[in-house]
Structures are given as structure tokens and as C-alpha cells.
Amino acid sequence: MTGLRTSLLIGASFFVSACGGSATHPLAVSSATSLKVPVTGISALYPSTAVHLEFAGSDALATAIRSGRKPDVFLSASLKIPKQLAAEGLVGKPVVFARNRLVVAVRSGTTNIGSFSDLTKSGVSLAFGSPSVPIGAYADTILGKLPTAEAAAIRANVKTREPDAASVAAKVTEGVVDAAILYASDVNASNGRLRAITIPAFLNPLTKCAAVVVNGTKYPVAAAAFIRSLLLPQSQQALRAAGFLPPSRGD
Amino acid sequence: MTSRRLTSAAMWAALTVSFAFVTIPIVAILTANSPAALLDQLSDPAAVDALLLSLECSVIALVLVVGLGTPTAWLLATRRFRGRSLAITVIELPLVLPPAVAGLGLLAAFGPLGWLGGAEDAVGIRLVLETAGVVVALVFVSAPFHIRQAQAAFEAMNPGLRDAARTIGLNDAAVFMKVAVPTVAPALAAGATLAWARALGEFGATLMFAGSLRGVTQTAPLAIYEGFGSNLAGAQALAAVLVAASAVLLVTTRLLTRRWEASGA
Amino acid sequence: MLEFNITGEVGGLEIKAVGSVEGGQCLAVTGPSGCGKTSLLRMLAGLSRPSSGRISITGGDPWFDSETGAQVRTEDRGIGFVFQDLNLFPRMTVLRNLGAAPERAADLLEAVGLSDRAGSRPANLSGGEAQRAAIARALAQMPDVLLLDEPFAALDDQTADQCIELVRLQIAANAIPTVMVAHDLRTAQAMGCESALRLGITGIATMVPLAEAFTAPSH
């Protein structure tokens with residue numbers, strides 16, 4: 001009961017702050033590409049607040065913030081990047097609003113890859129994110145947990161490192177590579193063109209999606225309200241529908 | 001008098017704004033790092049790999065563009081055939097296509113699931129994820145720059161020279177090789193240089209079609225984009241090299257064009 | 001022998017011409033400006049196509065025959081052509097402009113007095129030098145037929161006489177039928193032309209004695 005009331009209150013404050021004051025300018029929200037589907041859906045849930053969405057790799061968006069091209073809100077596919085930005089004094093405290101699992105994504109109908117261990121087979125081609133972007137860094141994390149020989153075998157199969165998750169996914173759907181390490185949500189967003197193969201839990205870093213208010217925003221109240229709105233039940237439902245997991249209690 | 005002066009002042013102001021608009025970002029890139037830091041960034045093996053790959057791919061693409069594009073331009077300039085203007089439009093289309101569209105098109109044509117994917121498998125050719133795929137992307141986006149210029153040069157060539165060449169017994173192919181190409185050589189070189197500059201800067205089509213892997217498909221622009229997220233100084237150093245190379249190529253184009261115009265052929 | 005009986009249309013103007021010229025002889029072509037003299041030479045060279053008629057040369061397939069559809073390409077006709085605006089290749093040396101074996105090219109350049117200009121580009125030649133280079137190029141092909149479009153116009157009298165002498169000798173020595181557009185009687189006489197075609201605005205041009213062609217209009 002209390003939870004519901006809180007969320008209603010949060011929602012109310014979001015709308016009030018969004019409509020009040022001088023916030024006629026749309027709220028600029030930069031988001032990791034991997035969050036595109038749910039974030040676009042969530043922004044449509046609250047039509048009274050104009051939100052301008054921009055999607056790119058989390059790392060590129062972080063660089064943009066460092067170079068002074070600042071949105072009001074930054075939604076990252078990893079917790080690490082906003083933590084660094086916070087340490088540099090560029091953003092506020094990160095709020096984890098969802099988690100994501102990593103999977104091996106293959107084209108629907110692919111038969112030569114049936115399990116994670118098939119990635120070591122020679123002749124298999126793989127797409128990873130570039131090391132600087134979360135989806136690529138997570139893939140490297142997974143390889144780091146594997147025995148050296150297996151990691152080397154997989155690494156030898158990596159034929160391209162792409163600048164963001166969407167670009168990685170496209171390499172699989174276009175048949176350029178056989179498989180990729182992607183977010184479960186990317187497979188969810190592919191309209192059935194991709195199929196997910198589970199990565200064993202002991203290897204799988206549960207990734208955290210975090211939102212931050214960018215310091216220096218003209219609309220700090222609206223920005224904070226937007227971030228709180230991500231935790232509202234209907235937002236969480238949109239995230240769940242897109243293949244994300246809710247944040248855990250400790251986040 | 002006053003209004004004429006005002007107009008003139010406004011024009012000079014416009015020139016100043018245009019000049020500053022382009023100059024400031026370029027100077028900013030070149031001065032983002034001290035010369036020592038720049039050299040240090042460029043000695044990074046990944047940067048060296050990217051620059052060497054860019055050089056290799058763009059030179060191979062240039063050879064293909066000149067080798068195929070020059071005879072193409074000659075036919076377009078000298079023959080009248082059904083579908084000629086359609087052919088010209090199609091060949092020039094990559095000039096105005098977004099690189100992402102070029103990338104999609106190349107994938108749809110030459111990708112593993114594309115039209116010719118099966119044929120490529122059959123003969124053992126693979127373009128995606130390979131250096132050859134980078135070359136294909138570069139040829140696709142840069143060829144029109146050369147073909148357009150070459151066609152214009154051949155069209156501007158005194159038609160009497162073709163007549164004269166035929167009277168000394170040269171057939172059409174020999175007229176092309178022995179008379180037309182030497183006559184418009186500076187214009188051809190200018191077109192080739194422009195195509196080269198475009199190839200050096202290619203990003204979107206390369207990424208979508210060939211991918212991005214250090215030493216194989218990651219050209220300098222792709223390395224710049226990757227560096228943007230993780231190593232800004234390194235990206236700026238690579239960018240400075242591309243700025244310098246582009247400037248050299250552009251000046252070369254201008255000099256060649258001037259020489260061509262002075263030759264009056 | 002070169003024989004022709006052709007009708008052609010150039011720029012809305014109809015040209016009808018009948019004529020023949022023996023090897024070693026020169027046929028003069030004259031007429032008011034704009035009456036198609038150059039166009040006639042171009043049709044003989046195969047650079048433009050007559051609408052009907054026939055062009056033939058002794059000892060070979062007809063160059064053009066509208067009845068059979070025969071048409072020999074310019075490059076296969078074996079002609080030498082001096083163009084009115086010369087059309088020297090601008091980015092080749094004078095020697096390479098001749099498009100002949102180096103020894104023959106050098107001999108011809110010597111004959112037209114251009115030995116010292118062999119390595120020059122056409123742009124660096126005087127008007128007279130360029131004209132002589134064009135004459136040398138036409139002769140360098142060992143042509144079966146020589147077509148000359150006011151070939152001596154840019155030359156001073158003395159040089160013109162030297163070049164006329166050279167061309168005459170070559171024509172005679174190799175029995176080359178020659179057709180020359182000329183605008184003055186003196187040049188035509190110096191070239192040894194005995195008859196001429198006077199092109200008019202209308203009607204069929206046929207061969208008349210030289211003096212007649214240059215004295216009175218044909219219509």
C-alpha cells in the first residue's frame with residue numbers, strides 16, 4: 001500500500017514539476033541504444049512532459065557530456081560509466097532503474113550454434129561491442145572469467161567490434177556474423193529475428209542500467225522527476241516487456 | 001553609394017563568418033593536444049594500424065575507381081545510348097546518399113544474406129568483415145567523385161581532337177588511351193584526388209558493411225569513432241592526421257584543376 | 001582514284017557533290033563561306049555520314065554506299081587530314097603528334113622545317129609552325145587519300161610555297177588523290193589543281209575547270 005502511494009506521489013510530483021515553472025523546453029534525455037525500446041515507450045506514457053530522446057553508445061554519450069554537450073538526463077547501460085561521471089562531478093547520484101542479462105544472440109533458424117560453448121568452435125564468426133561501450137566491456141568480462149584457451153578461441157572468432165548494441169544486433173540479423181553477445185532486451189526488440197541462447201549464470205554479469213541527472217541542467221526538478229518515473233509500475237512493466245529485469249533491492 | 005558599401009561590408013562579413021565557422025573546429029582539432037602528445041598518441045599501435053589500413057584500402061580503392069571509372073566516364077561523355085541519363089544518375093547517386101544507406105545497400109547486395117551472397121560463397125569470396133569489404137565500401141562512395149569530374153573533362157575536350165585522332169588511324173579505344181586520357185590528365189588526377197579524399201574519410205558504409213576490427217576493417221575514421229568513447233586524445237590525434245591529409249589532397253586538386261584550365265585543352 | 005557522289009545534310013544545309021580525283025592529282029573545293037566545304041571533307045573522311053550516295057576508292061571496298069549500307073570507319077580509311085583549326089594534340093610533343101615511327105616523323109619535321117621544335121608542345125608553336133606540324137601529321141600516315149582544309153592559310157608566302165612544294169611532291173611520289181578546300185586561285189594553281197568543285201547554296205556541285213570555279217559564281 002505504502003509503495004503504491006509513494007509511486008503515485010512520485011508520479012504526481014513528476015507531472016507537477018514537468019508542467020510548472022518554465023519547463024516548456026523539452027527535457028533532453030540521452031540514452032544508451034540498448035534502452036531504446038522501453039525508453040521510447042516510457043516517454044509516451046507521460047505525454048504531458050515533452051521529452052527529447054537521443055540514442056547512442058553509453059560511452060559516446062559520456063564523452064559528449066565530458067565535452068560539454070550536456071543533456072538533462074543520461075540513461076546508461078552500465079553503472080560504471082555514470083559512476084565515473086559522478087566522480088568527475090559531472091552528474092548526480094546514479095539511480096539503478098533496471099537490470100539486463102547478457103545472452104548469445106543468433107539469427108532465428110540458425111542451427112550451428114546451440115549453446116554458449118559453441119562460440120569456441122572454429123569458423124564461427126562473432127560480433128562484439130567495442131571495448132569502450134558497455135555491451136563490449138561486458139563481453140570482455142565474460143571472456144575474462146573463462147579458461148585462457150576457451151577465451152582465446154572465442155576472441156579469435158570475434159570479427160568486428162561495433163560502436164553500440166544496435167549495431168552489434170544488426171550484424172547478426174544481416175547474417176554478417178553467426179552470433180553476438182548482446183543484451184536479452186536486444187533479442188526481445190528484434191521482433192523474432194533473433195533468438196537468445198543463455199549464457200551460464202556463473203559467467204553472466206547482471207548488468208545494471210542507471211539514470212543520472214546531468215549537473216548544470218536548467219531543469220533539475222523535472223530531470224529528477226523523470227528518473228523517478230522510471231521506477232513507476234507502468235515504466236517497470238514497459239522495461240519488463242522489453243526483456244529487462246527490475247532493479248534488485250540493494251540497488 | 002552607401003547602400004553599395006553596406007552590401008559590400010555584409011558580403012565581407014559573410015565571408016568572415018564562413019571562414020571562421022570552418023576554421024575554428026579544424027584549428028581546435030589540431031591544437032587539442034600538444035605536438036608531443038600528438039606524436040605520442042600516434043605512436044599507439046592501434047592508431048598506426050588504423051592509419052596504415054586506411055592508406056592501404058584507400059589506395060586500392062583509388063586504383064579500382066580510376067581503372068573502372070575513367071573508361072566509364074569516357075563512354076558517358078562520348079556516346080549517346082538508350083538509358084544514358086539513367087546510368088549517369090545512378091552512378092552519381094552515392095554522392096548524395098547517406099553513408100548508412102550505402103551500407104544497407106551493400107549488405108543487401110553483397111552481404112551473406114544479400115542477392116549475391118550465395119554466389120560469393122560459391123566462388124569463395126567473402127567481403128563482409130574483411131579488408132576487401134572496406135575497399136568495396138570505399139569504391140562505392142568515392143567512385144562518383146572521379147567519374148563526374150572525368151566525364152566533365154572529356155565532355156569539355158575539343159571534339160576536333162577525337163576527329164584528328166581517328167584520322168591518324170586510332171580506333172575508339174586508342175583515342176581514349178593515347179589522346180583523351182593524356183589530354184585531360186590533370187583533370188583526371190584532380191578527380192582521382194577528390195575521390196581519394198572521400199575514401200579516406202569514409203565511415204558509415206564501412207562500419208555497416210565491413211565491420212570494425214583493428215588491423216582488418218578498422219580504418220582511421222572508425223578508430224576515431226571508437227576513440228571518441230574511450231580515448232579522446234587518441235581520436236583527436238588521428239583526426240589531426242586526417243585533417244592534414246585532406247588538406248594536402250584538396251590543395252593538390254586545386255593545383256591540378258588550375259593546370260588543367262591553363263592547358264586549355 | 002577517289003570517286004564520290006554524295007548528298008548530306010549539315011546544320012539544315014543540304015550538300016550535293018559529285019567528283020573524282022586521280023592519284024597524284026588535287027581537286028580544289030571552293031565556294032562561299034558556310035556552304036559546306038568543311039562538311040564535304042568530313043563526309044569524305046567518315047567523320048560525318050552522308051544521307052545517301054557513294055564514296056569509293058580504286059582497289060578497295062567502297063568507303064560508303066547508302067544502297068548496301070557499307071561504311072568504312074574513319075580510322076580504317078587511311079586518310080591524312082589537315083583540319084582548319086589544326087586539332088594538334090595539346091599534351092603531346094610535336095614529334096608524338098605525328099603518330100608515326102620516330103624516323104619517319106623526324107624526316108617529315110625536317111621537311112617542313114620543324115626539326116628544332118620536335119620536343120615542343122603545340123601551345124608553344126607560332127601559327128605557321130603549328131600549321132606545318134598539322135601538315136606533317138597528315139603526311140605521316142602514308143595516306144591513301146589526303147584531305148586538306150585550307151592548309152596553307154596561316155603561312156607567310158615563302159613558307160606556304162615551301163609547304164606546297166612538299167605536299168605536291170608527296171602527292172605525286174605516292175600517287176595520293178587529294179581534296180583541298182582553298183579560297184584563292186593562287187594556292188590552287190600552286191598545288192597543280194586542274195579542276196574544282198564549287199559548292200553553292202543550292203544545286204549539285206560538279207567539277208569545273210579551275211579558272212572557272214574561282215572567277216564566277218556557279219549560280
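If you're wondering where the values come from, they're calculated on a predicted model, not measured in any experiment.

A tally of helices and strands in chain C yields eight helices and 12 strands. Over its C-alpha atoms chain C spans a radius of gyration of 17 Å, differing by no more than 12% from the 17 Å that the globule rule assigns to 219 residues. Judged by the C-alpha coordinates and their principal axes, chain C covers about 50 × 40 × 35 Å. Counting over 219 residues, chain C shows a buried share of 51%. Within chain C, contacts between residues at least 6 apart in sequence are counted, and of these 64% link residues at least 24 apart. Summing over all exposed atoms, chain C offers an accessible surface of approximately 9,500 Å²; the carbon and sulfur share of this is 47%.

Right, let's talk about the packing of aromatic side chains for a bit. In this description, a pair of aromatic rings is defined by centroid distance and the angle of the planes. Tallied over the entire structure, the rule returns six aromatic pairs over all chains. For the pair Trp-74 of chain B and Phe-176 of chain B, a centre-to-centre distance of 5.8 Å together with 40° between the ring planes defines the contact as tilted. One end of the pair, Trp-74 of chain B, is in helix 3 (residues 45–78); the other, Phe-176 of chain B, is in helix 9 (residues 172–183), and 102 residues separate them in sequence. Accessibility classification places Trp-74 of chain B together with Phe-176 of chain B in one group, the buried group. Through a chain of ring-to-ring contacts, the aromatic side chains of Trp-74, Phe-154 and Phe-176 of chain B assemble into a single cluster. The aromatic ring of Phe-89 of chain C is capped on one face by Arg-137 of chain C, whose charged end is 4.7 Å from the ring centroid.

Here we take up the sheet that holds strand 6 (residues 126–129) of chain A. Residue and element names in this part refer to chain A. Sheet architecture is open: five strands sit in the order 7-6-8-5-9, paired in mixed fashion. In this open sheet, the two edge strands, each paired with only one partner strand, are strand 7 (158–162) and strand 9 (194–198). Each adjacent strand pair in this sheet contributes to an overall mean axis angle of 35°, direction not counted. Examined bridge by bridge, strand 6 and strand 8 (residues 179–183) share two bridges and lie parallel to one another. Looking at strand 8, one finds that Ala-127 is bridged to Ala-180. Seen against the sheet, helix 5 (residues 134–145) touches strand 5 (102–107), strand 6, strand 7 and strand 8 and runs at an angle of roughly 110° to strand 8. Across the sheet, helix 7 (residues 165–173) is in contact with strand 5, strand 6, strand 7, strand 8 and strand 9; its angle to strand 8 comes to roughly 145°.

Turning our attention to helix 10 (residues 185–201) of chain B. For helix 10 of chain B, which comprises 17 residues, the first-to-last C-alpha distance of 25 Å matches the rise-based estimate of 24 Å (1.5 Å per residue) to within 8%. Those residues of helix 10 of chain B that sit buried are Pro-186, Ala-187, Leu-188, Ala-190, Gly-191, Ala-192, Thr-193, Ala-195, Ala-199 and Leu-200 of chain B.

The next subject is the nonpolar core. What tends to happen in soluble globular proteins is that the nonpolar side chains get buried as a cluster. Membership of the largest hydrophobic core comes to 74 residues, with the highest contact counts inside it found for Leu-35, Leu-75, Phe-97, Phe-116 and Leu-182 of chain A. Setting aside chain neighbours within four positions, we find Leu-182 of chain A in contact with Arg-101, Leu-102, Val-103, Ala-105, Ile-135, Ala-165, Val-168, Ala-169 and Leu-194 of chain A. Val-179 of chain B together with Met-92, Val-145 and Leu-147 of chain C belong to the second-largest nonpolar core, a separate cluster that totals 58 residues.

Counting from both sides, the interface comprises 18 residues of chain C and, opposite them, 21 residues of chain B. Between chain C and chain B the total buried area reaches about 1,600 Å² when both faces are included, carbon and sulfur atoms providing 61% of it. In terms of surface lost to chain B, no three residues of chain C exceed Glu-75, Phe-89 and Arg-91 of chain C, which account for 42% of the buried area on that side. Scanning the region where chain C abuts chain B turns up two salt bridges. Inspection of the region where chain C meets chain B yields six residue pairs in polar contact (both at pLDDT 80 or more). The set of elements that each furnish at least two residues to the side of chain C that touches chain B consists of helix 2 (74–77) and strand 7 (79–82) of chain C.

With that settled, the discussion passes to the pairing of strand 7 of chain A. Residue and element names in this part refer to chain A. Of all five residues that make up strand 7, four are buried, and the element is covered over most of its length. Both strand 6 and strand 7 contribute to a ladder of four bridges, which runs parallel. Bridge assignment links Leu-126 to a residue of strand 7, and that residue is Val-158.

Let us now look at a nonpolar patch on the surface. There is a patch of nonpolar side chains on the surface, built from Val-48, Leu-52, Leu-55, Val-59 and Val-63 of chain B and spanning about 410 Å² of accessible area. On the basis of relative accessibility, which here comes to 44%, the residue Leu-55 of chain B falls in the partly exposed class.

Counting residues at the interface gives 23 residues for chain A, matched by 18 residues for chain B. Taking both sides of the interface into account, the surface hidden between chain A and chain B amounts to around 1,600 Å²; carbon and sulfur atoms contribute 63%. The largest share of the area that chain A buries against chain B comes from Thr-63, Glu-174 and Val-176 of chain A, three residues that together contribute 29% of it. Remark: the boundary between chain A and chain B carries zero salt bridges. If you look at where chain A meets chain B, you find six residue pairs in polar contact (both at pLDDT 80 or more). Taken together, the elements giving at least two residues each to the side of chain A that touches chain B come down to helix 3 (58–66), strand 7 and helix 7 of chain A. Per element, the largest residue contribution to the side of chain A that touches chain B is five residues, and it comes from strand 7 of chain A.

Glancing now at the side chain of Ser-235 of chain A. Residue and element names in this part refer to chain A. If you trace the backbone, Ser-235 turns up in helix 10 (residues 233–241). Among the residues examined, Ser-235 registers a relative accessible area of 0% and is labelled buried. The residues touching Ser-235, leaving out its near neighbours within four places in the chain, are Ile-42, Leu-45, Tyr-46, Ser-229 and Leu-230.

All names here are of chain C. Spatially, 7-8-9-3-10-12 is the arrangement adopted by the six strands of the open sheet, whose pairing is mixed. The outermost strands of the open sheet, each flanked by one partner alone, are strand 7 and strand 12 (207–209). Between one strand axis and the next, the sheet turns by 25° as a mean value, whatever way the strands run. Here strand 8 (residues 145–149) runs beside strand 9 (residues 178–181); their pairing, made up of four bridges, is parallel. Looking at the pairing, Leu-146 lines up with Thr-178 of strand 9. Most of the contacts of helix 5 (residues 127–140) go to strand 7, to which it runs at about 170°, and overall it touches strand 7 and strand 8.

Of all two pairs of chains sharing an interface, the pair with the highest contact count is chains A and B. Here chain A and chain C are not in contact; the least distance found between their C-alpha atoms is 48 Å.

Time to look at the confidence of the model for chain C. Put simply, chain C has an average pLDDT of 90, and 98% of its residues get 70 or more. The ipTM, which scores confidence in the relative placement of chains, is 0.90 for this predicted complex, and the corresponding pTM is 0.83.

Here the focus is the pattern of salt bridges. Summed over the entire model, instances satisfying the criterion amount to 15 salt bridges over all chains. With its nearest N and O atoms 2.9 Å apart, the salt bridge here joins Arg-186 of chain C to Asp-161 of chain C. Pair noted here: Arg-186 of chain C is in helix 7 (residues 185–190) and Asp-161 of chain C is in helix 6 (residues 157–174), with a separation of 25 residues, a long-range link. One network of salt bridges, in which partners are shared, links Asp-140, Arg-155 and Arg-161 of chain A.

So, about the packing of helix 5 (residues 99–110) of chain B against helix 7 (residues 131–156) of chain B. The packing of two helices is summarised by the inter-axis angle and the distance between the axes. Residues and elements named next belong to chain B. Orientation of helix 5 relative to helix 7, taken along the N-to-C sense of each, is 125°, at an axis distance of 11 Å. Here helix 5 lies oblique to helix 7, going by the angle between them. At the point where helix 5 passes helix 7, the crossing takes the right-handed sense. Along the contact surface, helix 5 presents Ala-102, Leu-106 and Phe-110, while helix 7 presents Val-136, Ala-137, Phe-140 and Val-141.

Parameters at a glance
Residues numbered from 1 in each chain as written. Chains lettered and ligands numbered in written order. Predicted model: local features only at pLDDT ≥ 70, side-chain atom pairs only at ≥ 80, totals over all residues. Heavy atoms only, no water. Helix = DSSP H or I, 4+ residues; strand = E, 2+ residues; numbered from the N terminus. Rg over C-alpha atoms; globule rule 2.2 N^0.38 Å. Buried < 20%, exposed > 50% of the residue type's maximum accessible area, 1.4 Å probe, protein only. Contact = heavy atoms within 4.5 Å. Areas by Shrake-Rupley, 256 points an atom, 1.4 Å probe, with all protein chains shown as cover. Phe/Tyr/Trp six-rings, centres within 6.5 Å; stacked < 30°, edge-to-face > 60°. Lys NZ or Arg CZ within 6 Å of the ring centre and 35° of its normal. Pairing = 2+ DSSP bridges. Axes fitted to C-alpha atoms, helices over the stretch in contact; angles between N-to-C directions. Expected span 1.5 Å × (residues − 1). Core = buried A, V, L, I, M, F, W, Y, C linked by side-chain atoms within 4.5 Å. Buried area = accessible area lost by both parts, 1.4 Å probe. Salt bridge = Lys/Arg side-chain N within 4 Å of Asp/Glu carboxyl O. Polar contact = N/O pair within 3.5 Å; in protein donor to acceptor, adjacent residues only side chain to side chain. Patch = residues over 30% accessible without salt bridge, like charges linked within 9 Å, V, L, I, M, F, W, Y side chains within 5 Å. pLDDT = per-residue confidence, 0-100. Parallel < 35°, antiparallel > 145°, perpendicular 65-115°, else oblique. Left-handed = near helix turned anticlockwise from the far one by under 90°.

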